[in-house]
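# Survey of secondary and tertiary structure
Spelled out from the first residue to the last, the chains are:
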Amino acid sequence: MSTNDQELRHAIIREALHALAELPYEKTPPHAGVVIHRIVKNMVGNIDPYLGLKITYNRRALDLYPEMKETVARSSDRFETAVRLAIAGNNIDFGIRSNSDHIDLRDVIDETLGKPLTINHLKQFAESLEHADMILYIADNAGEIVFDRVLVEEIPDYRKRVMFAVKGAPILNDATMQDAEEAGLTGIVRVIDNGSDAPGTIAELCSESFIEELDRADLIISKGQANYETLSDVPRNVFFLLKAKCPVIAGHLGVQVGDLVLESLVQKRPQIITPSC
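Quick notes on the rules
Residues numbered from 1 in each chain as written. Predicted model: local features only at pLDDT ≥ 70, side-chain atom pairs only at ≥ 80, totals over all residues. Heavy atoms only, no water. Helix = DSSP H or I, 4+ residues; strand = E, 2+ residues; numbered from the N terminus. Rg over C-alpha atoms; globule rule 2.2 N^0.38 Å. Buried < 20%, exposed > 50% of the residue type's maximum accessible area, 1.4 Å probe, protein only. Contact = heavy atoms within 4.5 Å. Areas by Shrake-Rupley, 256 points an atom, 1.4 Å probe, with all protein chains shown as cover. Lys, Arg positive; Asp, Glu negative; His and termini not counted. Charge placed at Lys NZ, Arg CZ, Asp CG, Glu CD. Core = buried A, V, L, I, M, F, W, Y, C linked by side-chain atoms within 4.5 Å. Salt bridge = Lys/Arg side-chain N within 4 Å of Asp/Glu carboxyl O.

## Quick word on the overall build of the chain
When you go through the chain residue by residue, the secondary structure sums to twelve helices and seven strands. Relative to the 2.2 N^0.38 estimate, which gives 19 Å for 277 residues, the radius of gyration of the chain is 18 Å and therefore close to what a compact globule would have. Viewed in the frame of its principal axes, the chain has a C-alpha envelope of about 55 × 40 × 35 Å. For the chain, the residues scored as buried account for 53% of the 277 residues in total. Long-range pairs, those at least 24 residues apart, make up 70% of the contacts in the chain with a sequence separation of at least 6. In the structure as shown, the chain presents an accessible area of about 12500 Å², 49% of it carried by carbon and sulfur atoms. The average position of the 29 basic charges and that of the 42 acidic charges among the side chains of the chain differ by 2 Å.

## Thoughts on unusual backbone geometry
For aspartate 157, which is not a glycine, the phi torsion comes out positive at approximately 55 degrees. Mapped onto the elements, aspartate 157 comes out in the loop between α7 (144–152) and α8 (158–161). Note on aspartate 157: relative accessible area 45%, which makes it partly exposed. The backbone phi angle of leucine 172 is positive, close to 50 degrees, even though this residue is not glycine. If you trace the backbone, leucine 172 turns up in the loop between β3 (162–166) and α9 (177–182).

## Notes on the nonpolar core
As a rule of thumb, nonpolar side chains are buried together in soluble globular proteins. In this structure, Val83, Phe125, Phe164, Leu185, Val189 and Leu241 are the most contacted members of the largest nonpolar core, which totals 54 residues. What phenylalanine 164 contacts, discounting residues up to four positions off in sequence, is Tyr137, Ala139, Ile145, Asp148, Val152, Leu185, Val189, Arg190, Val191 and Ile192. Met163, Ile220, Leu242 and Val261 belong to the second-largest nonpolar core, a separate cluster that totals 25 residues.

## Brief notes about the pattern of salt bridges
Inspection of the entire model under this criterion finds 17 salt bridges. The partner of lysine 69 in a salt bridge is glutamate 153, and the shortest N-O contact between them spans 2.8 Å. With lysine 69 in helix α3 (residues 51–74) and glutamate 153 in the loop between α7 and α8, this pair connects stretches of sequence that are 84 residues apart. Judged by its relative accessible area of 27%, lysine 69 is partly exposed. Counted as one network, the salt bridges with shared partners bring together Asp48, Lys54 and Asp179.

Interpretation in functional terms is not warranted from these geometric data alone.
Here is the structure:
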């Protein structure tokens, strides 16, 4: 939590429990997340409690960016390696890692490059990318977006075809426009924000301009669990890139916690309404 004041913590918990009791059951875990985090930010008086972690992991990822580019260049399959690196970046998630503020990014990269994709729709992904004129890449976390940049730069004609989307305001360690600038993405593709401070992509909380771009996209690349939770029932050409980090998401996907996923939703899945991790 964003304060060591025990009385304030208790007050935040009481307020959050009251608000969650009023939340309709059919809403997704990210709906609950935005309610809780708005309460925390308002009562603590800090609109971006994760700012320090975001800056740290943007810098750590940028330090590894040349090595990641070299790894892709040496690979026998550049595209698959870039996809794996993008999924490796999904480990930079402090909504899940509540008990630690340190992630060894080199270990994460080595583990992800040596591990199979449990759900592997790489061929469909490559084919869809080949035929898409407008690609919307929906980002997840700060630091992770440097890994995403490596994948973006492997997409042919990415400067014209890829639009990169970040959050409209701080939530957890999710990437904002400031993070996209630090990661160098604003210099290579058009970057937009979704107008929202919610985890994932909750359509009713996003700006009209973002929804127009979402509707216009031929292909959507969705990063991370919260985007999966909020976009998995969207009847669109969406590819989900993530690491399953909790039993709820793993069970919904039919994989184990820790598995790597690149999934195209051929059939519409039921919306996730089970309490989140």
